[in-house]
Amino acid sequence: MEPVDLDTALTALDPDGWDAARVLADTPGARGQVFLDSAGSSLPPTPVLDTVVGHLRREAEVGGYRAAAERADDLAEGYAVFAELLGCAPDEVAFTDSATRSWLAAVDAVPLAEGDRVLVTEAEYAGNAVPLLNLAAKAGATVEPVPSGPDGTVDLDALTRLLDERVRLVSLVHVPTNGGLVNPVREVADAAHAVGALVLLDACQSLGQLPLDVGALGVDLLSGTGRKWLRGPRGTGVLVVPAHVRERLSPRLVDLHSGSWVAPGEIELRRDARVFELWECSIADRLGLIAAARYALDLGPDAIAAAVGARAEHLRAGLSALPGVEVRDQGTRRCGIVTFTVEGVAAEAVRDALRGQGITVTVSGRSSTRLDMTRRGLEQVVRASPHYFVGRSQLDTAVAAVRTIR
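The present account deals with the structure reproduced in this document.

Quick notes on the rules
Residues numbered from 1 in each chain as written. Predicted model: local features only at pLDDT ≥ 70, side-chain atom pairs only at ≥ 80, totals over all residues. Heavy atoms only, no water. Core = buried A, V, L, I, M, F, W, Y, C linked by side-chain atoms within 4.5 Å. Buried < 20%, exposed > 50% of the residue type's maximum accessible area, 1.4 Å probe, protein only. Helix = DSSP H or I, 4+ residues; strand = E, 2+ residues; numbered from the N terminus. Contact = heavy atoms within 4.5 Å. Disulfide = S-S within 2.5 Å. Salt bridge = Lys/Arg side-chain N within 4 Å of Asp/Glu carboxyl O.

### Topic: the nonpolar core
Inference 1: Counting residues in each nonpolar core, the largest one holds 89 residues, and the members touching the most others are Leu36, Phe82, Leu86, Val170 and Leu319.
Inference 2: Considering each element in turn, this core owes the most residues, 8 residues, to helix H10 (residues 283–299).
Inference 3: In contact with Val170, other than residues within four places in its own chain, are Leu119, Leu163, Val188, Ala192, Ala197, Leu198, Val199 and Leu200.
Inference 4: Core analysis: the next-biggest nonpolar cluster, separate from the first, contains 22 residues, Trp103, Val110, Leu221 and Leu239 among them.

### Focus on the state of the cysteines
Inference 1: The final tally for this structure, using the stated rule, is 0 disulfides.
Inference 2: Cys88 takes part in no disulfide bond, and the closest cysteine sulfur, belonging to Cys204, lies 17 Å away.
Inference 3: Of the cysteine sulfurs around Cys335, a residue in no disulfide, the closest is that of Cys204, at 12 Å.
Inference 4: Since its relative accessible area comes to 3%, Cys335 is described here as buried.

### Regarding the environment of Val48
Inference 1: Among the structural elements, Val48 can be located in helix H2 (residues 46–62).
Inference 2: For Val48, a relative accessible area of 1% translates into the label buried.
Inference 3: In this structure, the C-alpha to C-alpha distance between Val48 and Arg161, residues 113 residues apart in sequence, is 46 Å.
Inference 4: Once residues lying within four places of it in the same chain are set aside, the contact partners of Val48 are Arg231, Gly232, Pro233, Gly288, Ala291 and Ala292.

### Quick notes on the environment of Val53
Inference 1: Note that Val53 resides in helix H2.
Inference 2: Taking the C-alpha atoms as reference points, Val53 and Gly288, 235 residues apart in sequence, are found 9.0 Å from one another.

### Thoughts on the pattern of salt bridges
Should the charged atoms of two oppositely charged side chains come close, the side chains can pair.
Inference 1: A complete count under the given rule lists 27 salt bridges for this structure.
Inference 2: Taking the shortest distance from any N to any O, the salt bridge between Arg58 and Glu61 comes out at 3.0 Å. Here Arg58 pairs with Glu61, and both are found in helix H2, just 3 residues apart, close to one helical turn.
Inference 3: Given the relative accessible area of 27%, Arg58 is considered partly exposed.
Inference 4: Note that Glu313 is salt-bridged to Arg316, the shortest N-O span being 2.7 Å. Of this pair, Glu313 and Arg316 both sit in helix H11 (residues 301–320), 3 residues apart, roughly one helical turn.
Inference 5: Accessibility expressed as a relative area gives 36% for Glu313, which makes it partly exposed.
Inference 6: Taken together, the salt bridges that share partners define one network made up of Arg58, Glu61, Arg66 and Glu70.

Take a look at the structure:
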């Protein structure tokens, strides 16, 4: 069926019985605006909001420790929920306070030494590049970019030529922050594993909008956030550490949750992925993250991907038809991020003009994806990211608003 608009909410969004009325009822904020920033921080559905606020209220009633103890079973079950969502085992899941924390914990645990090499794609995100360059410089390792192919995705032939036994890590951004392409993952993983390198997948922009299966993707580590497409609370993240890779990692940021003080001069670290967790966290936010994962599983990752992809293509088509507007997305396989520029108008001015009309977009600048943006000669792009709760009539409203910007 066709994706529905807000004014036709009684029509099912997909043939599997996804109830549009329920989705829209769970997202009241979508009714008063055209929200196109789920790649930044999405609108949490009501069940997530209720979970977070309800637990905070309980903490105010009985204190944080007792409130957490009351939800111990739900917190423990969260590992199985994410295992189902991500195609891994529960003991391969760790929760953190952000995708950044997940990624940092993972990359910091990869032993680097003098002469080692790390490969990144041209879609690498600044939040990864800065710590990676810092770690490599301290270890005497190098960080080298893999060129992109004509369609903007990582060039697999170039990757193969760059790989050798000195490559310790390949950092792969699944979906870049500045465009809707989807990088090939399994092909990169297979090539990297042929020389013994680890693959760290940044799924920050794919978790929640694309189906993910760690086993099928073949990656060694995966990091993601709750606040974007998964529609969870801010300050939440997830890290997947498959069992096969744990012996090759050396986590350094450990505490009394990550390990035990078993003798005056001796500690014993956990042997599962939770060695990457820290004891202190927001229990309310973590419960909200688990609720968001349940919500996504209930709707169905495949159905979500189809709905998001259809909306993005509808928006791209509308924008492409406007004079002076250029859609900047690359890739043969594309997803829910739509980037564009308006001739003669700065991206920030476009963002502000749309905001004045109740349309929320954001700007992605060169400093966030310096390699890719420099290669393409771009300083800034406007980024729109419609989730499944955005109707086609709203997308048409956004296109009509862009038409007026000069």
